[in-house]
Amino acid sequence: MSDAPDKNTASGTHKLGGPMAWWVWTLAVLFVVYLFSFQTGYSIVNPSVQQDVGLTIKQVGGIAAVYTWAFAISQFFGGALLDRLGSRKVLPIAIALVALGIFLFANAQSYSMLLLSQIVVAIGSCVGFVGAGYIGGQWFGMAKFSFMFGLVQVMAALTSAFSVNLISMALDTTTWRTLFNATAAFGVVLFVLGLIYIRNPTPVVHAADTASENFFVSVLKSLANVAKIGHVWVAALVGALSFGVLLALGVVWMPKILMVHGLSESSAALGSSLLWLGLAAGSAVVPHWSDVIKRRKRTMVVGCAVQLAALLGLLFIPGLGSGLALALCFVLGFANASHMLAFSTAADVVQPHQIGTSAAIVNGIMFILGGILISRPGFRIGIGLEKGLEPESLAIAQYATVPLIIAGVLALVIALFMRETYPQHGHG
């Protein structure tokens, strides 16, 4: 059964890029902001949760690990589900799952209930970011896919930059349980709006050769067909190596790097915010610039090169002042927006009905590699201390971030050798 059609003809009510398109896209982006806010909030309230529920440190780590595994596995199927069923059947259910998971989290009294809440949230979350990108391509046309996906990242990056402070302010006036119960209630409102309004502009038509197949088999086949395209993996690798650097710096390591340069704790925290603000600004500019010059490869190469130069500057310029250090944080984030073109160049080489699947593969690889890159500097610090490097020194920071430098170099090298995919005759 396909979506109830929204007429997209000359006499129709909902044209591509029209008011309805913006409204559906806004709801999808609100879902992304909702997800990011919960994920950020979870990192802040962990100590309170540990104390209230009576968790061990090992159990706190286990909760994070279960979320990661559940998200990583379901991520790869989320895009194929969007391609097969359309946004109307997938996104409202995803919103409902996340709201339910947050409600379970807010009212959890045991470790097992916290684990269950994370699994439910992770399954719902798997189509959040990719779903907003999918809707951009469906409702604005593939020619606008890159630009609209960039705008999704603008909102996601702004959420990352500001939500920590906003959530901390909220926790000054209320408990974490009250805050997340209210968050779950907002999810119910978003679910109702999604149920009413989220849809594809035209019916989702299944191919004749898959109409009689088992649904799960057809989803796996769709995933396998996209996975056979080598360039999708090349795009995913460049994007994952590039974004993994930003994720590692923005989530954990940038404040530590800035503090060994002598910046205060507040200035170091500002550096992390400037990374995300730079990414937000870049995501509004870089994908659009790629469409203007009609080049994916060149834009990605420049972005990877500037990001690498900014990282090396932060690590190796002696006597780095706070002004230059913070400027380099912003530049690094801005240049990192070129990783969004991994979604664009992957979408260039698949059929329009496969963009959800291609985006999910790219995002899944980014997520997995990003998690690895976040963890590696911590292992390197331990080795560096054993080698006799001074703790809290620039030398140990340089030693610890070697994996990030290698990732930046590899992203640039692979981008230099990847093929240009921008459609020669425009998007279909």
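Scroll up for the structure.
Residues numbered from 1 in each chain as written. Predicted model: local features only at pLDDT ≥ 70, side-chain atom pairs only at ≥ 80, totals over all residues. Heavy atoms only, no water.

**Notes on the overall build of the protein chain**
Secondary structure assignment for the protein chain yields 16 helices and zero strands. Against the compact-globule benchmark of 22 Å for 428 residues, the protein chain has a radius of gyration of 22 Å, which places it among compact chains. Based on the C-alpha atoms only, the size of the protein chain along its principal axes is roughly 70 × 55 × 35 Å. Within the protein chain, the proportion of its 428 residues that are buried is 53%. Considering only contacts in the protein chain between residues 6 or more positions apart, those separated by 24 or more positions represent 82%. Looking at the protein chain as shown, the accessible area adds up to about 17800 Å², and 69% of this sits on carbon and sulfur atoms. Of the side-chain charges in the protein chain, 21 are positive and 14 negative, and the distance between the mean point of each set is 9 Å. (Helix = DSSP H or I, 4+ residues; strand = E, 2+ residues; numbered from the N terminus. Rg over C-alpha atoms; globule rule 2.2 N^0.38 Å. Buried < 20%, exposed > 50% of the residue type's maximum accessible area, 1.4 Å probe, protein only. Contact = heavy atoms within 4.5 Å. Areas by Shrake-Rupley, 256 points an atom, 1.4 Å probe, with all protein chains shown as cover. Lys, Arg positive; Asp, Glu negative; His and termini not counted. Charge placed at Lys NZ, Arg CZ, Asp CG, Glu CD.)

**Description of the pattern of salt bridges**
Scanning all chains against the criterion turns up two salt bridges. Among the ionic pairs, Arg296 bridges to Asp291, the shortest N-O distance being 3.0 Å. Of the residues examined, Asp291 reaches a relative accessible area of 13% and is grouped as buried. The shortest N-O distance in the salt bridge between Arg296 and Asp348 comes to 2.8 Å. Here Asp348 lies in helix H13 (residues 341–348) and Arg296 lies in the loop between helix H10 (265–293) and helix H11 (297–316), a separation of 52 residues in the sequence. No difference in accessibility class separates Arg296 from Asp348, as the two residues are buried. (Salt bridge = Lys/Arg side-chain N within 4 Å of Asp/Glu carboxyl O.)

**As for the nonpolar core**
Ranked by internal contacts, the top residues of the largest apolar core, which has 127 residues, are Phe31, Phe105, Ile135, Leu249, Leu258, Leu314 and Phe343. Beyond its immediate chain neighbours, meaning those up to four positions away, Phe31 contacts Leu91, Ala94, Ile95, Val98, Gly124, Gly128 and Leu190. (Core = buried A, V, L, I, M, F, W, Y, C linked by side-chain atoms within 4.5 Å.)

**Comments concerning the packing of aromatic side chains**
Summed over the entire model, instances satisfying the criterion amount to 15 aromatic pairs. With 4.9 Å between their ring centres and 75° between their planes, Trp22 and Phe140 make a pair best called edge-to-face. Here the residue Trp22 occupies a position in helix H1 (residues 19–53), and Phe140 occupies one in helix H5 (residues 128–140), the gap between them amounting to 118 residues. Among the residues examined, Trp22 registers a relative accessible area of 37% and is labelled partly exposed. Ring geometry for Phe149 and Phe343: centres 4.6 Å apart, planes at 40°, overall tilted. Taken together, the residues span a long stretch of sequence, with Phe149 in helix H6 (residues 145–171) and Phe343 in helix H13 at a distance of 194 residues. The buried category is assigned to Phe149, whose relative accessible area is 1%. Ring pairs connect the aromatic residues Phe38, Phe105, Trp176 and Phe180, which therefore count as one cluster. Against the face of Tyr399 rests Arg380, its NZ or CZ located 3.9 Å from the ring centre. (Phe/Tyr/Trp six-rings, centres within 6.5 Å; stacked < 30°, edge-to-face > 60°. Lys NZ or Arg CZ within 6 Å of the ring centre and 35° of its normal.)

Nothing here speaks to function; it is geometry throughout.
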